[in-house]
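Notes for the structure review
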Amino acid sequence: DRSGTGAEPDAAQQVLRRVFGYDSFRGLQHEIVTQVIEGGDALVLMPTGGGKSLCYQIPALVRSGVGVVISPLIALMQDQVDALNALGVRAGFLNSTQFPDERRTMEQQFVVGELDVLYLAPERLRLESTLQLLDKATVSVFAIDEAHCVSQWGHDFRPDYLALSVLHERWPDVPRIALTATATEATRREIAERLDLTGARHFVAGFDRPNIQYRIEPKNRADQQLLSFISSEHAGDAGIVYCLSRNSVEKTAEFLTRNGIEAVPYHAGLDARTRAANQSRFLREDGLVVVATIAFGMGIDKPDVRFVAHLDLPKSVEGYYQETGRAGRDGQPSTAWMVYGLNDVVQQRKMIDSSEGDAAHRRQLQLHLDAMLALCETVQCRRTQLLAYFGQSGEPCGNCDTCLTPPESWDGTVAAQKVLSTVLRLKRERGQSFGAGHIVDILVGKSNPKVLQHKHNELKVFGVGAELRDVEWRGAVRQLLAQGLLAVHGDYGVLVLTEASEEVLFKGRQVALRREPERVKPAKAPRAK
Ligand code: ADP
Ligand code: ZN
């Protein structure tokens, strides 16, 4: 056993102390660096914040030659290089944002071995000139960061990654280490195959983040729910709020600030200076909230983020895990809180329908969404379900919403039949399809202008759903969508039946639904400072 503590200080440990100033390796780090230093290949699955960088930086420093790091995160290269330079490590990068003369200088340093670490954008490996450049230098290790990008059906596919198999073909003696924070077992196999890493040792770190409490609630009025969550549980804490659109980022940041919670926006549409300023305020100040699109957070290392809130549904469980993982890196109790509703499902479905790529690609996006929806609608422990997604097992945690307040389920068969038969009737009798809101209006018997205009008050199903409130109906429709008993189609998000709907309508299939919690009361706004 060579896992860190107590072992003879070897070269790796000396570098850890002398260069990085750390006393001991964390988790699997020591085993991983030993494997690579000895010339073996490694596939590393470690959650964000787990300490992946050291796994290739230390071998790069211990072995002779230059460590070449393939990374798609071009925007972070400068920061990574600066951080290494500050430690006295000679580092540089090559990517498309450089001026030609900067690039030439870097290439020169690389070839003569005046570098310890070189960051390289994957697309550069498509150029024969880059391959020739690598021939001229001595490479100590190839590190392939964000290795899941090679997975064609993953959530972050980069075509340039497919070309990385050239590394092994051309330099079979240089050890390679592929690293990712997000990979199911299937993706891991795919990475190993595509990158020609079938002989690599796999290092899989535990994904559980016990100090994070997971909670997912139905969305009613997202901004009020958020305000109430922050002011009652996280007043004065640093946190990240994720929204899907730039517009809602701006609005939410303003809303929080107006209500006495200091918040700054962050999205790709802001000019670079504002973005950098907001990011550095977030890192520096205590208790600032950043409202952001998912553009924010890559490489952010702030240990005391006390909560991560999602106002919109992430596209995949991988994304959710990665974003929520930015909470509580210091190990202190933190919250991953999310609201999600019917419109999230409709909106994501629309995005999938209109996405580029072929049917198989859309099918993959749908599978990612389905897994995310299953996590939202589960009646079991969220953590168990999340870990199971990453191929790891665990007991119910006692620290997520479903463990703390087990959701009640009820027999929703009749309710489901009402929804589905309304959709069916409109289609059969009128040749029409409508969105969820209108279907619910018909069920609860609302004679609004749209209903009257279409004479839907004359339908047999008009008003047959008086036993539930319309939030409950919307919750039921959301759950039917999540369970695949109903689908949405096209630009207007109209509801359509699926094969499974027929089973409910005609074959006596039972439907269990989660009871919707009581509507969350809007919080009283704290007095502004
Ligand atoms: P990842 O790339 O897996 O998200 P990083 O490599 O950025 O994680 O590391 C996350 C943080 O943990 C960094 O601040 C890093 O300096 C710190 N860290 C990594 N390894 C150790 C260690 N052995 N001891 C102390 N801090 C560490
Ligand atoms: Zn739990």
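So, here is what we can say about the structure in this document. (Residues numbered from 1 in each chain as written. Chains lettered and ligands numbered in written order. Predicted model: local features only at pLDDT ≥ 70, side-chain atom pairs only at ≥ 80, totals over all residues. Heavy atoms only, no water.)

Details of the coordination of the zinc ion (ligand 2)
Note the cut-off: Shown as donors are all N, O and S atoms within 2.8 Å of a metal ion, widened to 3.2 Å for Na, K and Ca; because water is not in the atom set, sites may appear incomplete. Here a site with four donors is tetrahedral if all angles are between 85 and 135 degrees, and a site with four or six donors is square planar or octahedral if opposite donors are over 155 degrees apart and the other angles are between 65 and 115; anything else gets the irregular label. The secondary structure listing takes helices from DSSP runs of H or I that are at least 4 residues long and strands from runs of E that are at least 2 residues long, numbered from the N terminus. Type-normalised accessible area, obtained with a 1.4 Å probe on protein chains alone, sets the label of each residue: buried when under 20%, exposed when over 50%, and partly exposed for intermediate values.
Coordination of the zinc ion (ligand 2) by the protein is provided by Cys381 (SG), Cys397 (SG), Cys400 (SG) and Cys403 (SG), with metal-donor distances spanning 2.3 to 2.4 Å. Every donor counted, the four donor atoms about the zinc ion (ligand 2) form angles of 102 to 120° at the centre, which fits tetrahedral coordination. Motif for the zinc ion (ligand 2), donor spacing along one chain: C-x15-C-x2-C-x2-C. Of this pair, Cys381 sits in the loop between helix H14 (359-377) and helix H15 (382-389) while Cys403 sits in helix H16 (residues 401-404), and the two are 22 residues apart along the sequence. Cys403 sits in the partly exposed class, given a relative accessible area of 23%.

Concerning the environment of Ala178
So the rule is basically this: Whether two residues touch is decided by their heavy atoms; if any such pair falls within 4.5 Å, the residues are in contact.
Of note, Ala178 is situated in strand E6 (residues 176-180). Residues Ala178 and Asp41 lie 137 residues apart in sequence; the distance between their C-alpha atoms is 8.3 Å. Each residue touching Ala178, except ones within four places of it in the same chain, is listed here: Ala42, Leu43, Val44, Ile144, Ala147, Leu195 and Leu197.

Section: the site of ligand 1
To keep things clear, this is the line we draw: Any residue with at least one heavy atom within 4 Å of a molecule or strand is counted as near it. Any pair of nitrogen or oxygen atoms within 3.5 Å is treated as a polar contact; in protein, a donor-acceptor pairing is required on top of that, and neighbouring residues in sequence qualify only through side-chain atoms on both sides. Shrake-Rupley sampling with a 1.4 Å probe provides the accessible areas, and residues are treated as covered by the protein chains on show and by no other component.
Taken together, the neighbourhood of ligand 1 is formed by 14 residues, with Tyr22, Gly49, Lys52, Ser53 and Asp301 sitting nearest. Ser24 places a main-chain nitrogen or oxygen 2.9 Å from a nitrogen atom of ligand 1. Summarising the interface, the protein chains cover 75% of the accessible area of ligand 1, which totals 560 Å² for the free molecule. The element that contributes the greatest number of residues to the shell around ligand 1 is helix H3 (residues 52-62), accounting for three residues.

Comments concerning the packing of aromatic side chains
What counts, and what does not: Stacked, edge-to-face and tilted labels apply to pairs of Phe, Tyr and Trp rings (six-membered ring for Trp) whose centres lie within 6.5 Å, assigned for plane angles under 30 degrees, over 60, and everything in between, in that order. Only lysine NZ and arginine CZ atoms are considered, and such an atom sits over a ring when it is within 6 Å of the ring centre and within 35 degrees of the ring normal.
The full count for this structure, using the stated rule, is seven aromatic pairs. Taking 4.7 Å as the distance between ring centres and 5° as the angle between the ring planes, the aromatic pair formed by Phe229 and Trp337 counts as stacked. Taken as a pair, Phe229 in helix H9 (residues 222-233) and Trp337 in strand E13 (residues 334-340) lie far apart in primary sequence, 108 residues in all. Judged by centre distance (4.7 Å) and plane angle (65°), the ring pair of Tyr266 and Phe296 falls under edge-to-face. Taken together, the residues Tyr266 in strand E10 (residues 263-266) and Phe296 in the loop between strand E11 (289-292) and strand E12 (307-310) connect sequence positions 30 residues apart. Across the pair, exposure class does not vary: Tyr266 and Phe296 are buried alike. Put simply, the rings of Phe229, Phe307 and Trp337 pair up and form one aromatic cluster. Positioned above the aromatic ring of Phe282, the side-chain terminus of Lys302 is 5.4 Å from the ring centre.

Describing helix H12 (residues 317-324)
Most of H12 is tucked away, with eight of its eight residues classed as buried. Taken together, the buried positions of H12 are Val317, Glu318, Gly319, Tyr320, Tyr321, Gln322, Glu323 and Thr324.

Observations regarding the sheet that holds strand E5 (residues 139-144)
Rule in force here: We call two strands paired when DSSP finds no fewer than two bridges between them. Lines fitted to C-alpha atoms define the axes here, with helix axes fitted over just the stretch in contact, and angles between the N-to-C directions of these axes take values from 0 to 180 degrees.
Pairing is parallel in the open sheet, where seven strands are placed in the order E3-E4-E2-E5-E6-E1-E7. Looking at strand neighbours, the two that pair on one side only are strand E3 (91-94) and strand E7 (201-204), the edges of this open sheet. With strand direction ignored, the average angle separating the axes of adjacent strands in the sheet is 20°. As paired elements, strand E1 (residues 42-45) and E7 share four bridges and run parallel to each other. Residue pairing for E7: Leu43 is matched across the bridge by His202. Seen against the sheet, helix H2 (residues 29-37) touches E1, E5, E6 and E7 and runs at an angle of roughly 160° to E7. Contacting E1, E6 and E7, helix H8 (residues 185-194) runs over the sheet at an angle of about 150° to E1.

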